[in-house]
Amino acid sequence: MRILITGNLGYIGPILGAHLRREFPGAHLIGVDSGWFAHCLTTTGTLPELMLDEQRFGDVRALQARDFEGVDAVVQLAAVSNDPMGNRFEHVTDAINYRSAISVAELAAKAGVRNYVFASSCSVYGFSPDPRARTENDEINPLTAYARSKIATEQTLEKAALGNMVITCLRFATACGMSPRLRLDLVLNDFVAGALASREITVLSDGTPWRPLIHVKDMARAIEWAIKREAEPSGRFLKLNVGSDAWNYQVAELANAVGEAIPGTRVSINKDAPPDKRSYRVDFGLYRKLAPDHQPLETLETAIAGLRDGLKAIGFSDPDFRQSQLMRLKVLEKLLGEGALNEDLTWSRRPTAATASAGLRSAI
Ligand SMILES: NC(=O)c1ccc[n+]([C@@H]2O[C@H](COP(=O)([O-])OP(=O)(O)OC[C@H]3O[C@@H](n4cnc5c(N)ncnc54)[C@H](O)[C@@H]3O)[C@@H](O)[C@H]2O)c1
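Described in the following lines is the structure provided in the data block.

Each value, and the rule that gives it
One numbering rule holds for all chains: residues counted from 1, following each sequence as written. Per-residue local features are limited, in this predicted model, to residues with pLDDT of at least 70; the limit for side-chain atom pairs, both in listing and counting, is 80 or more; totals at the level of whole chains, interfaces and linings are taken over all residues. Excluding hydrogens and water, the side-chain figures rest on all heavy atoms present in the structure. Think of a patch as exposed residues, more than 30% relative accessible area, with no salt bridge, where like charges cluster within 9 Å and nonpolar side chains (Val, Leu, Ile, Met, Phe, Trp, Tyr) cluster within 5 Å. Working definition of accessibility: Shrake-Rupley area with a 1.4 Å probe, residue cover restricted to the visible protein chains. The term salt bridge refers to a pairing of a side-chain nitrogen on Lys or Arg with a carboxyl oxygen on Asp or Glu at a separation within 4 Å. By definition, any uninterrupted DSSP run of H or I lasting at least four residues is a helix, any uninterrupted run of E lasting at least two residues is a strand, and each is numbered from the N terminus. Every axis corresponds to a line fitted to the C-alpha atoms, with the helix fit spanning only the stretch in contact, and the corresponding angles, defined between N-to-C directions, vary from 0 to 180 degrees. Throughout, the term roughly parallel applies to angles under 35 degrees, roughly antiparallel to angles over 145, roughly perpendicular to angles from 65 to 115, and oblique to all others. With the far helix as reference, a near helix turned anticlockwise by less than a right angle produces a left-handed crossing, and one turned clockwise produces a right-handed crossing. Pairs of residues are marked as contacts when any of their non-hydrogen atoms sit within 4.5 Å. By the convention adopted, Pro, Cys, Tyr, Trp, Phe, Met, Ile, Leu, Val and Ala count as nonpolar, Lys, Arg, Asp and Glu as charged, and the other residues, Gly among them, as polar. Note on definitions. A residue lies near a molecule or strand when any single heavy atom of the residue is within 4 Å of it. What qualifies as a polar contact is a pair of N or O atoms within 3.5 Å, subject to a donor-acceptor requirement within protein and to the restriction that residues adjacent in sequence count only when both atoms come from side chains. Whether two strands pair depends on DSSP finding at least two bridges between them.

Quick look at a nonpolar patch on the surface now. Together, Leu41, Leu47 and Leu50 give the surface a local cluster of nonpolar side chains, amounting to about 280 Å² of exposed area. Mapped onto the secondary structure, Leu47 falls in the loop between strand 2 (28–33) and strand 3 (54–57).

Below is the structure:
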């Protein structure tokens with residue numbers, strides 16, 4: 001089996017690569033990524049991509065038919081991957097998250113790929129005043145360019161003529177947990193980082209928004225399930241909430257759980273903050289029914305402990321981490337500022353001051 005993963009050099013990709021290597025030891029695993037965050041490693045171990053059989057550097061906007069020859073399954077992770085980046089790069093978000101996801105699916109279907117897995121998001125539910133948990137058939141309310149790009153992809157994939165390819169759109173809850181390319185722009189990860197670096201968790205909202213979470217390892221298990229999924233019984237196209245009912249948390253609950261796990265941490269909640277626009281509870285019943293053997297296994301305690309231990313292992317202590325290279329948008333802004341990336345987030349391929357001085361040092 002040949003599995004091609006786009007966007008594998010990010011936060012989820014390394015965990016997914018290791019998981020697929022374990023589950024499909026004989027498979028040929030291929031990663032394709034433009035490499036925006038390839039250098040943002042947070043591991044003391046070896047390069048995570050050594051798990052794969054091939055690593056290609058390339059832009060999903062430029063993939064061609066030959067890239068899919070002989071491939072059995074495609075996992076589309078490549079994306080501008082949160083709201084702040086989506087707001088800053090609205091057109092690029094549409095081009096990568098939506099248009100390239102569709103063209104990749106079309107090329108894959110033509111090449112005879114059996115399974116296409118799309119990393120969608122529960123953020124399509126946006127804000128829901130209704131306290132009832134959202135099911136896949138409930139109304140959606142995408143509030144941002146990021147959420148709109150995910151729903152546009154799902155809706156186009158559902159209608160498109162893509163032969164017999166089995167298409168699974170996994171609407172993931174917000175990710176958390178340690179990874180060899182950790183991001184700290186995710187709520188639980190941010191709280192653990194704050195607790196470690198400054199003994200303080202600063203909740204920017206009033207703490208009441210609902211935010212379902214899922215551990216990255218459990219995301220990988222869901223993707224494995226979707227790679228193997230057959231068209232029957234649930235249909236050739238499927239959109240599915242992925243997470244677990246027990247992980248529907250309010251933000252204040254998450255902050256308090258981290259505070260308890262890391263003694264001496266002060267939790268400050270901004271009681272005067274205007275209500276967060278994003279808040280929803282999600283019903284994961286369909287995922288439970290369809291994938292009983294791939295249900296989330298991690299607990300909030302294991303997620304917090306994994307982050308704490310992983311951050312300690314790399315000597316993390318930066319109280320100013322919200323401005324650091326562990327925030328995806330900050331990395332892109334730095335690369336743009338250095339002239340390494342163009343405004344459309346393609347590489348300029350011009351040597352920058354950073355690459356030139358590194359070259360000089362190694363020559364000396
Ligand atoms: N992290 C979450 O909470 C979460 C939740 C739901 C869904 N998702 C989705 O899962 C996927 C992966 O998320 P992540 O947290 O690993 O994000 P990430 O930002 O860490 O990684 C995204 C990767 O995609 C690559 N990429 C972006 N544009 C590309 C292009 N044009 N060509 C090739 N590669 C490109 C980047 O270089 C990066 O390595 C995304 O689609 C994201 O929307 C993530």
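Anyway, onward from the coordinates.
Let us now look at the packing of helix 5 (residues 187–198) against helix 9 (residues 300–313). Put simply, helix 5 and helix 9 touch, their axes get as near as 10 Å, and they point 50° apart. In terms of orientation, helix 5 and helix 9 fall into the oblique class. In this structure, helix 5 crosses over helix 9, and the sense of that crossing is right-handed. For the pair formed by helix 5 and helix 9, the contact residues are Leu188, Asn189, Val192, Ala193 and Leu196 on the first element and Leu300, Ala303, Ile304, Leu307, Arg308, Leu311 and Lys312 on the second. The residue inventory of the contact of helix 5 with helix 9, partitioned by class, reads nine nonpolar, one polar and two charged.

This brings us to the site of the ligand. The environment of the ligand is made up of 31 residues, and the closest members are Asp33, Leu77, Ser81, Tyr146 and Ala175. A distance of 2.6 Å is found between an oxygen atom of the ligand and a side-chain nitrogen or oxygen belonging to Ser81. Residue Lys150 places a side-chain N or O atom 2.9 Å away from an oxygen atom belonging to the ligand. Contributing elements (two or more residues each) for the shell around the ligand: strand 5 (115–121), helix 4 (145–159) and strand 7 (174–176). Of all the elements, strand 5 adds the most residues to the shell around the ligand, at three residues. Among the residues making up the shell around the ligand, the classes are represented as 16 nonpolar, nine polar and six charged.

Spatially, three strands are ordered 7-9-11 in an open sheet, and the strand pairing comes out mixed. A single partner strand is all that each edge strand has here, and the edge strands are strand 7 and strand 11 (248–250). Looking at each pair of strands side by side, their axes are set apart by 50° on average, direction ignored. Inspection of the sheet shows strand 9 (residues 210–215) paired to strand 11 by three bridges, in the antiparallel sense. The residue of strand 11 that forms the bridge with Pro212 is Asn248. Contacting strand 7 and strand 9, helix 6 (residues 216–228) crosses the sheet at an angle of about 70° to strand 9.

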